[in-house]
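# Observations on the model geometry
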Amino acid sequence: MSQDISAIEKNHDLENDNKIREFWNKKICDHDKLAKKTKETYDFIIVGAGTAGCVLARELIHCIPNINVLVLEAGGPDTYSNGIIKLPCASLKALRINDCDWGYVTQEQRIQSSVDPTKEILKKESPYMRGKVWGGSSTVNAMVYMRGQAKVYNDWAAQGPEYKIWDWDHCLEAFKAVEKNSRKNPDEKFKKFHGFNGLLHVKDSKNDIYDVMSGLIDAAKYLGIPYNDDFNGEKQNGVGTLQSTIQDGKRCSLADSYLKDAFKKVELHPDSKYNSFGKVVAVDVRSFAHVLEIIWDEENKEENIAIGVRYFCNGTVREAFIAPKGEVILCGGAINSPQILMLSGIGPKENLEPNNIKVRKELPVGRNLLDHPGCCLVAKSTPNTINHWSNSCEIGIIHKANVEGKIPCKDDFFDENPDMQIIDPSTELYRKKHNKFDGIALIPLLNIPSSVGYLELNSNNPFDQPKIYLNFFEKSDDLPRMISSLKLCREILKQPPLSTVYDVKEIGINDEFGQWCTNGDDMSDEDWERFIVNKAIKMAPESKDGVVNHRLQVYGTKNLRVVDASIFPYIPNGNTNAPTAMVAWRASRLIIEDYTGTC
Ligand SMILES: Cc1cc2nc3c(=O)[nH]c(=O)nc-3n(C[C@H](O)[C@H](O)[C@H](O)COP(=O)(O)OP(=O)(O)OC[C@H]3O[C@@H](n4cnc5c(N)ncnc54)[C@H](O)[C@@H]3O)c2cc1C
């Protein structure tokens with residue numbers, strides 16, 4: 001069989017996605033049937049084939065000789081659902097493919113009004129999408145590639161001398177290692193910040209914009225907002241075209257890029273203690289495999305040594321174990337990794353004990369849930385001015401908000417520590433849903449929120465959704481900043497050429513999930529506030545509410561790490577896909593060092 005494999009490996013046809021998967025399925029499955037295993041044993045067990053899981057699986061299998069990796073994914077392959085998730089222009093529709101979504105709903109919350117502190121605003125429960133499919137959320141996201149500023153990563157590193165491995169220089173190295181940027185003739189300045197040899201394809205929207213969206217850039221410039229040629233370069237503020245994770249007109253998820261490449265490594269290693277047929281050196285992805293909890297070494301109870309995981313697949317509960325020196329690595333994302341830890345006895349006593357879970361290690365799991373709240377301003381334009389086949393989001397406007405909720409001024413546009421990001425999603429949705437008008441939608445996102453959410457277990461049933469409290473706008477400075485950015489969006493829509501050439505007229509604001517709130521009449525600050533209000537596991541010292549250390553190992557345990565978006569101590573002020581892939585690449589180097597004993 002090994003001869004067979006190497007012959008196919010050299011075959012260029014393997015570049016074809018489906019063939020790689022078919023080949024992998026057949027070869028691994030055949031081998032699985034032949035091998036008489038006593039136990040399912042792997043060097044690494046990765047929970048979740050999302051952004052982080054895919055990068056880790058690929059880096060570990062290619063960089064450490066003779067290992068095998070099991071990836072357990074609760075969702076199905078990304079080819080399982082129809083091909084719509086590959087189309088950038090349909091990314092908003094991809095959100096509604098239930099098969100690929102965990103179907104989370106946030107808890108209803110009451111927020112104190114920042115306009116009138118004696119009043120409360122009701123924040124209704126709302127859907128909270130998370131990818132449940134190969135590639136995880138990178139298979140359903142809006143594909144915007146924006147890393148955020150150096151300062152955030154330097155803040156991560158400032159937590160102690162050992163955290164230096166997360167400073168901007170180290171993170172930039174990892175961002176570049178992952179990225180395959182396709183900009184033609186990049187200048188030296190661009191090359192300093194970008195990678196060209198990674199696997200994640202990143203493309204400029206630049207050459208695709210030829211409709212009302214190009215008017216958006218001019219309108220923003222008309223207001224004095226500077227043009228920015230590279231939001232991932234030296235400065236983040238300004239207006240410009242976005243970079244997106246797209247390859248040849250199709251979405252490039254981390255499954256398309258990293259997992260696909262992980263499958264290329266398939267070898268048969270003869271010296272194996274674990275089964276008589278030898279060990280398959282490969283990444284084995286098991287779909288529809290829902291991890292229930294971590295299996296601990298009960299002989300050394302005090303040490304909390306992870307030895308494997310229990311998971312549900314094909315109607316039965318199964319177990320998989322790690323080989324000596326191996327690790328369990330949770331890559332379940334910001335909601336699920338905390339849930340798995342808590343189900344396994346790692347978390348806050350006050351949430352675990354009432355749910356009949358024995359506390360093994362008390363840690364503030366789920367307490368640092370961070371995300372970027374957003375809102376949406378929609379306007380109508382002259383018919384036939386929209387390119388309905390455009391990328392999901394093409395233009396970005398990054399600016400500093402006014403803390404009093406006023407329209408930002410010129411100084412705010414030039415401020416090099418911007419806290420707001422305005423993006424323009426595909427307008428196809430609005431057109432279909434609301435009487436077929438051509439439109440323009442602007443979504444301001446609070447890039448540096450002060451509010452922090454949390455999540456807790458609802459019960460000890462692993463299939464029960466945890467309670468998610470996003471706490472959006474809970475801190476008093478968040479709401480005025482959002483209002484300030486919405487007011488700026490309104491001003492932009494009034495500028496030429498949007499107002500003159502495209503006859504753009506505001507229709508109203510809707511909340512993140514498309515509920516219409518206003519008809520666009522003049523609004524008071526209370527109105528703005530009413531309409532707007534409708535993310536865990538922190539990498540930090542244990543004394544500062546950390547759950548994982550600087551090497552992403554869970555405090556008070558052995559053989560257990562968390563590598564995903566849940567470990568951000570402070571949320572990057574860009575979008576989170578690229579930073580998560582970066583974290584996974586950095587983590588792979590730490591794991592390789594620990595496994596091979598090299599530093
Ligand atoms: C709708 C939407 C739009 C977004 N738009 C953008 C954007 O434009 N740009 C950007 O940069 N970021 C965007 N993001 C965010 C970004 O995609 C995520 O931050 C990133 O993908 C998170 O990666 P992760 O590895 O932490 O988790 P995920 O990618 O979510 O992966 C977690 C994986 O673990 C699996 N899993 C979870 N629990 C279990 C279990 N118990 N057993 C087995 N498997 C399990 C899940 O099914 C999933 O596949 C968006 C996210 C969403 C949801």
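Residues numbered from 1 in each chain as written. Predicted model: local features only at pLDDT ≥ 70, side-chain atom pairs only at ≥ 80, totals over all residues. Heavy atoms only, no water.

Counting its secondary structure elements, the protein contains 16 helices and 28 strands. Burial analysis of the protein (599 residues in total) assigns 62% to the buried set. With an accessible surface of roughly 24000 Å², the protein has 48% of that area assigned to carbon and sulfur atoms. (Helix = DSSP H or I, 4+ residues; strand = E, 2+ residues; numbered from the N terminus. Buried < 20%, exposed > 50% of the residue type's maximum accessible area, 1.4 Å probe, protein only. Areas by Shrake-Rupley, 256 points an atom, 1.4 Å probe, with all protein chains shown as cover.)

Attention now goes to the packing of aromatic side chains. Evaluated as defined, the whole model comprises 13 aromatic pairs. Geometrically, the ring pair formed by Trp168 and Phe175 is tilted, given 6.1 Å between the ring centres and 50° between the ring planes. There is no split in this pair, since Trp168 and Phe175 are both buried. Arranged with centres 4.5 Å apart and planes meeting at 15°, the rings of Tyr454 and Tyr469 form a pair that is stacked. Taken together, the residues span a long stretch of sequence, with Tyr454 in strand β25 (residues 454–456) and Tyr469 in strand β26 (residues 467–469) at a distance of 15 residues. Among the residues examined, Tyr454 registers a relative accessible area of 24% and is labelled partly exposed. Take Tyr469: its relative accessible area is 14%, and that puts it in the buried class. Put simply, the rings of Tyr153, Trp156, Trp166, Trp168, Phe175 and Phe568 touch in pairs and so form one group of aromatic residues. Here the guanidinium or amino end of Arg130 rests over the ring plane of Tyr128, the centre of that ring lying 4.7 Å away. (Phe/Tyr/Trp six-rings, centres within 6.5 Å; stacked < 30°, edge-to-face > 60°. Lys NZ or Arg CZ within 6 Å of the ring centre and 35° of its normal.)

A few words on the pairing of strand β18 (residues 316–330). Note that strand β1 (residues 41–47) and β18 share six bridges and pair parallel. Counterpart to Val47 in the pairing with β18 is Leu330. Alignment of strand β17 (residues 306–313) against β18, held across six bridges, turns out to be antiparallel. Directly across from Cys313, in β18, lies its bridge partner Thr316. (Pairing = 2+ DSSP bridges.)

Let's shift gears to the packing of helix α3 (residues 51–63) against helix α16 (residues 577–596). Relative orientation of the contacting elements α3 and α16 amounts to 30°, with a least axis distance of 8 Å. The orientation of α3 with respect to α16, classified from their angle, is roughly parallel. Of the two possible hands of crossing, α3 and α16 adopt the one that is right-handed. Residue-level contacts link Thr51, Ala52, Val55, Leu56, Glu59, Leu60 and Cys63 of α3 to Asn577, Thr580, Ala581, Ala584, Trp585, Ala587, Ser588, Arg589, Ile591 and Ile592 of α16. Taken together, the residues of the contact of α3 with α16 sort by class into 11 nonpolar, four polar and two charged. (Axes fitted to C-alpha atoms, helices over the stretch in contact; angles between N-to-C directions. Parallel < 35°, antiparallel > 145°, perpendicular 65-115°, else oblique. Left-handed = near helix turned anticlockwise from the far one by under 90°. Contact = heavy atoms within 4.5 Å. Nonpolar A, V, L, I, M, F, W, Y, C, P; charged D, E, K, R; others polar.)

The next point concerns the UniProt feature "domain: Glucose-methanol-choline oxidoreductase N-terminal" (unreviewed entry) in the protein. With numbering aligned to this structure, UniProt lists the feature "domain: Glucose-methanol-choline oxidoreductase N-terminal" (unreviewed entry) at residues 131–154 and 333–347. The annotated region residues 131–154 carries 21% helix and 0% strand content, and the separation between its end C-alpha atoms amounts to 29 Å. Between the end C-alpha atoms of residues 333–347 there is a gap of 16 Å, over a span that is 73% helix and 13% strand. (UniProt positions renumbered as here; feature names shortened; annotations may be inferred.)

Counting buried residues in helix α10 (residues 333–343) gives 11 out of 11 residues, a clear majority hidden from the surface. What α10 keeps buried is the set Gly333, Ala334, Ile335, Asn336, Ser337, Pro338, Gln339, Ile340, Leu341, Met342 and Leu343. Once α10 ends, the next one or two residues include Gly345, with phi positive near 90°.

Turning to helix α14 (residues 478–493), a few remarks are in order. Here α14 is 16 residues long and its end C-alpha atoms lie 23 Å apart, about the 22 Å a rise of 1.5 Å per residue gives. Burial runs high along α14: 15 of the 16 residues are buried. (Expected span 1.5 Å × (residues − 1).)

A separate point is the side chain of Ser244. Relative to the elements of secondary structure, Ser244 occurs in strand β10 (residues 243–244). Assessed through its relative accessible area of 2%, Ser244 is described here as buried. Filtering out sequence-adjacent residues up to four positions away, Ser244 remains in contact with Met143, Tyr145, His201, Val202, Lys203, Ser205 and Cys393.

Below, the discussion takes up the pattern of salt bridges. Under the defined criterion, the tally for this structure stands at 35 salt bridges. Between Arg183 and Asp229 there is a salt bridge, and its shortest N-O distance comes to 3.0 Å. Of this pair, Arg183 sits in the loop between β7 (179–181) and α7 (188–193) while Asp229 sits in the loop between α8 (212–222) and β9 (238–241); the two residues are 46 residues apart in sequence, bridging distant segments of the chain. Judged by its relative accessible area of 13%, Arg183 falls in the buried class. Its relative accessible area of 34% is what places Asp229 among the partly exposed residues. Connected through salt bridges with shared partners, the residues Arg58, Glu59, Asp261, Lys264 and Arg589 form a single ionic network. (Salt bridge = Lys/Arg side-chain N within 4 Å of Asp/Glu carboxyl O.)

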